[in-house]
Amino acid sequence: MQNKMENSEITRKNILNVAKKMFSQKGYANTKLSEISKEIGMTRGAIYWHFKDKYQLYEVIIDSSTTKLEKIIYNILDSDMSPQKKIKKLIIKTIFLITNNDYFQVFDEFSDFKNNSSKELNKLNLEHKERSHIFKKKVIKVIKNGISEDKFDKDCNPEIVVIALLSYLAGIRTLWLSKMIDLEKNDFLAFQENAEEFADIFIHGLKGT
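Because the structure is predicted, anything quoted here is derived from the model rather than measured. (Residues numbered from 1 in each chain as written. Predicted model: local features only at pLDDT ≥ 70, side-chain atom pairs only at ≥ 80, totals over all residues. Heavy atoms only, no water.)

On to the overall build of the protein. If you tally the helices and strands in the protein, you get 11 helices and 0 strands. Walking the protein from its N terminus toward its C terminus, one meets helices and strands in the order α-α-α-α-α-α-α-α-α-α-α. Looking at the 209 residues of the protein, the share that counts as buried comes to 38%. Of all intrachain contacts in the protein linking residues separated by at least 6 positions in sequence, the fraction that spans at least 24 positions is 67%. Accessible surface computed for the protein: about 12700 Å², of which carbon and sulfur atoms make up 53%. (Helix = DSSP H or I, 4+ residues; strand = E, 2+ residues; numbered from the N terminus. Buried < 20%, exposed > 50% of the residue type's maximum accessible area, 1.4 Å probe, protein only. Contact = heavy atoms within 4.5 Å. Areas by Shrake-Rupley, 256 points an atom, 1.4 Å probe, with all protein chains shown as cover.)

Structure below.
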């Protein structure tokens, strides 16, 4: 019985890993269960044993990835570190996740238009927005604390800062994914080696003149 349970769990993880790769490459709408089963080398019936349909398979992947990312991010935002250190560590950690973490990349693919355009994913889109709202509220709280502690410019608008932070990270993400800039060294190392400087530039803007 134990061996059957272990084999079942191994099969489930294999399905999730292959599906994650294919969803990432082709998007939700353009990925078929028959393609996933062919890639794994099993029948569609074997996939249905673990997941009732493609939507549930995708939902499990996104929920697992998002939960793990939230744990990493909220451990920073809910810590006892100073507001400056929280924002700095958040930026540095996000850069490392962008360049070297498959969970972030799966979550990142979810925000891509090729997936959001599917009407079948409306429920997940709404959940994503709700979870994003929680993240924004946490960052706003950090910024407000920084202002009250006289660590950030008192004229900072926390709501604008959140948008600026997300835009900053989105820009780094775009550069990384598109390879728009030609770095002499390995792109992977260059982004990570300069992560602290990227963070310091943003923090400097919050301190004012």
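Tallied over the entire structure, the rule returns 9 salt bridges. A salt bridge links R131 to E70, with the nearest nitrogen and oxygen atoms 2.8 Å apart. Within this pair, whereas R131 is found in helix α8 (residues 122–148), its partner E70 is found in helix α4 (residues 54–77), the two being separated by 61 residues in sequence. Taking relative accessible area as the criterion, E70 reaches 19% and is therefore assigned buried. In this structure, K88 and E196 form a salt bridge, with 3.1 Å as the shortest nitrogen-oxygen distance. Remark: E196 occurs in helix α11 (residues 195–207) and K88 occurs in helix α5 (residues 83–100); sequence separation between them is 108 residues. Counted as one network, the salt bridges with shared partners bring together E59, K123 and E127. (Salt bridge = Lys/Arg side-chain N within 4 Å of Asp/Glu carboxyl O.)

Given a rise of 1.5 Å per residue, 27 residues ought to cover 39 Å, and the 39 Å separating the end C-alpha atoms of α8 matches this to within 8%. Every buried residue of α8 is accounted for by L124, N125, F135, V139, I140, V142, I143, G146 and I147. (Expected span 1.5 Å × (residues − 1).)

So, on to unusual backbone geometry. Phi at D150 is positive, roughly 60 degrees, even though this residue is not glycine. Assignment of secondary structure puts D150 in the loop between α8 and α9 (158–178).

By secondary structure assignment, the location of I62 is in helix α4. With relative accessibility at 6%, the residue I62 sits in the buried group. With 62 residues separating them in the primary sequence, I62 and L124 have C-alpha atoms 8.7 Å apart.

L77, I87, L90, I91, V139, I143 and L206 are the most contacted members of the largest nonpolar core, which has 29 residues in total. The set of elements that each furnish at least two residues to this core consists of α4, α5, α8, α9 and α11. Ignoring any residue separated from it by four or fewer positions in sequence, one finds L77 in contact with K86, L90, F135, K138, V139 and V142. (Core = buried A, V, L, I, M, F, W, Y, C linked by side-chain atoms within 4.5 Å.)

Our focus in this paragraph is the packing of aromatic side chains. The geometry of an aromatic ring pair is captured by two quantities: the separation of the ring centres and the angle between the planes. Tallying each qualifying case throughout the model produces 4 aromatic pairs. With centroids separated by 5.4 Å and ring planes inclined at 35 degrees, the aromatic side chains of Y168 and F202 adopt a geometry described as tilted. Remark: F202 occurs in helix α11 and Y168 occurs in helix α9; sequence separation between them is 34 residues. Residue Y168 is classed as partly exposed on the basis of its relative accessible area of 22%. One Lys or Arg, K54, reaches over the ring of Y28 and ends 4.3 Å from the middle of that ring. The aromatic ring of Y74 is capped on one face by K138, whose charged end is 5.0 Å from the ring centroid. (Phe/Tyr/Trp six-rings, centres within 6.5 Å; stacked < 30°, edge-to-face > 60°. Lys NZ or Arg CZ within 6 Å of the ring centre and 35° of its normal.)

Here we come to the packing of α4 against α5. Direction vectors running N to C along α4 and α5 enclose 160 degrees, while the axes themselves pass 9 Å from each other. Put simply, α4 runs roughly antiparallel to α5. Crossing angle aside, the handedness with which α4 passes α5 is right-handed. Residues L69, I72, I73, I76 and L77 of α4 lie in contact with α5, whose contacting residues are K86, K89, L90, K93 and L97. Here the residues of the contact of α4 with α5 are counted per class, giving 7 nonpolar, no polar and 3 charged. (Axes fitted to C-alpha atoms, helices over the stretch in contact; angles between N-to-C directions. Parallel < 35°, antiparallel > 145°, perpendicular 65-115°, else oblique. Left-handed = near helix turned anticlockwise from the far one by under 90°. Nonpolar A, V, L, I, M, F, W, Y, C, P; charged D, E, K, R; others polar.)

Below, the discussion takes up the side chain of Q84. You can see Q84 is positioned in helix α5. Those residues in contact with Q84 that lie beyond four places of it in its chain are K151, F152 and I203.

Everything listed here is a matter of geometry and, on its own, says nothing about what the molecule does.
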